[in-house]
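Commentary on secondary and tertiary structure
Chain by chain, the residues run as shown.
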Amino acid sequence: MRFRAKIVDLACLNHFSRIINTIARLAKTCILRLTVCKLYFILSDKVANGGASMWCELSQGNFFNEFQMEGVAAEHNEIYLELVPENLSRALKTSQSAKAVKIKLTNKHCPCLRVAVELPSLSSSSRIVTHDIPVGVIPRRMWNDFREPSVPDFDVSIYLPVLKTMKSVVERMKNLSNFIVIEANLSGEMNLKIETDLVSVTTHFKDLGNPPWASEDGCQSSAQGRDLESMAEACIDIKKLQQLLAGQQVNPTKVLCNIVRKRIVHFILLHEEVSLQYFIPAIA
């Protein structure tokens, strides 16, 4: 089992660093799944227990100049590692002006991801800062626990407003309640609602647009005969939503929100070569 990779392009490096920062804010520990073409960061708190889950997918060719890996076996050419993303985020913080960053799976005293950051120096010799990040190797028999979460048939799919706007609304609402209701319809309208014994606050968004699959997709045919104005809603933990909005550094070009009435809210952040899915279960 071997893995080594190298980034020399500064823009790619900064982008990769921002993605890891986002993941570090969403997950204390996560699984890093390595395949020949892609990297996946996976958080699978069991949604049934009220935990959020995350699935972030990157194409390695868009970030790494070199990428070599040998999985656990020829027919299972993958590696699954458990790590604390905050540790990786910290290691990459020193790479803001780096000439190159090398990442390698090593096993001195325990399995580690070694991050070697080559910094520019005034002399001809370069300075290299090395971080060893402890990782746990996930055995083959447990891989099935970390498959891509299936997306249940949603009642409504809608594009989200500018995330900064949504973030400031949610931050104000967070002071009033621990829970927030997200509701949306197939006419591009979405409301964020707080209701307590003392106060009721609603923020309305219009003309957001609904992704084409909301009406075309076979599994969404239930939308065909539906009232376009009728709202589907789910009540979720406001802290989990705020965490997603506050930690977001992926700078997505599109953000979608799928609502399964009273069951789950599924966010998809898309940016050229990155997709981040985040699932927040509804509170009964």
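Computed from a prediction, not measured in an experiment: that's the story for all the values here. (Residues numbered from 1 in each chain as written. Predicted model: local features only at pLDDT ≥ 70, side-chain atom pairs only at ≥ 80, totals over all residues. Heavy atoms only, no water.)

What follows deals with a nonpolar patch on the surface. Taken together, M1, V72 and V137 make up a surface patch of nonpolar side chains, about 230 Å² in accessible area. Tracing the backbone shows V72 in the loop between β5 (66-70) and β6 (79-83). (Patch = residues over 30% accessible without salt bridge, like charges linked within 9 Å, V, L, I, M, F, W, Y side chains within 5 Å. Areas by Shrake-Rupley, 256 points an atom, 1.4 Å probe, with all protein chains shown as cover. Salt bridge = Lys/Arg side-chain N within 4 Å of Asp/Glu carboxyl O. Helix = DSSP H or I, 4+ residues; strand = E, 2+ residues; numbered from the N terminus.)

The subject of this paragraph is the domain arrangement of the protein. Note on interface size: it is often stated as the accessible area lost on association of the parts. Along its sequence, the protein is carved into domain 1 (2-145) and domain 2 (156-217 + 226-281). Domain 1 puts 20 residues into the contact, and the matching count from domain 2 is 19 residues. Buried area between domain 1 and domain 2, summed over both chains or domains, comes out near 1,800 Å², and the portion from carbon and sulfur atoms is 58%. Three residues, T22, R25 and L26, lead the burial of domain 1 against domain 2; their summed loss comes to 30% of the area buried on that side. In this structure, the connection of domain 1 to domain 2 is made through 0 salt bridges. Here domain 1 and domain 2 share 6 residue pairs in polar contact (both at pLDDT 80 or more) between them. Within the residue set of the side of domain 1 that touches domain 2, elements represented by two or more residues are α1 (10-26) and β4 (53-59). Tallied by class, residues from the side of domain 1 that touches domain 2 come to 9 nonpolar, 8 polar and 3 charged. (Domains from an automatic or database assignment. Contact = heavy atoms within 4.5 Å. Buried area = accessible area lost by both parts, 1.4 Å probe. Polar contact = N/O pair within 3.5 Å; in protein donor to acceptor, adjacent residues only side chain to side chain. Nonpolar A, V, L, I, M, F, W, Y, C, P; charged D, E, K, R; others polar.)

If you trace the 5 strands from one edge of the open sheet to the other, you get β5-β1-β7-β8-β9, paired in antiparallel fashion. Because the sheet does not close on itself, it has two edges, and the strands there are β5 and β9 (127-134). Across the sheet, the mean angle from the axis of one strand to that of its neighbour is 15°, orientation sign disregarded. Bridge count between strand β8 (residues 111-119) and β9: 8 bridges; the pairing is antiparallel. For C112, the partnering residue across the bridge sits in β9 and is P134. (Pairing = 2+ DSSP bridges. Axes fitted to C-alpha atoms, helices over the stretch in contact; angles between N-to-C directions.)

Following the criterion strictly, the structure yields 6 aromatic pairs and no others. Both rings, one in Y80 and one in W143, keep their centres 4.5 Å apart while their planes meet at 25°; by these two values the pair is stacked. Linking Y80 in strand β6 with W143 in the loop between β10 (136-137) and β11 (156-159), this pair joins segments that are 63 residues apart in sequence. Comparing Y80 with W143, the two get one shared label, buried. Clustering of aromatic rings is evident, with ring pairs tying together F3, F16, F63, F64 and F67. (Phe/Tyr/Trp six-rings, centres within 6.5 Å; stacked < 30°, edge-to-face > 60°. Buried < 20%, exposed > 50% of the residue type's maximum accessible area, 1.4 Å probe, protein only.)

What follows covers the pairing of β8. Relative to β8, strand β7 (residues 100-107) runs antiparallel, the two being bridged by 8 bridges. Counterpart to L105 in the pairing with β8 is L113. Hairpin geometry of β7 and β8 is characterised by an intervening segment of 3 residues between the two adjacent antiparallel strands.

On to helix α2 (residues 85-93). Looking at α2, one finds that the buried residues are P85, L88, S89, A91 and L92. Take α2 and look down its axis: the buried residues cluster within an arc of 160°, on one side only. (Arc of directions from axis to C-beta.)

The next subject is the sheet that holds strand β14 (residues 200-205). The strand order across the open sheet built from 4 strands is β14-β13-β12-β15, with neighbouring strands paired in antiparallel fashion. The open sheet terminates on both sides in strands that have one partner only, identified here as β14 and β15 (232-237). Between one strand and the next, the sheet's axes are offset by a mean angle of 20°, whatever the strand orientation. Of the pairings in the sheet, the one linking strand β12 (residues 179-184) to β15 comprises 6 bridges and is antiparallel in character.

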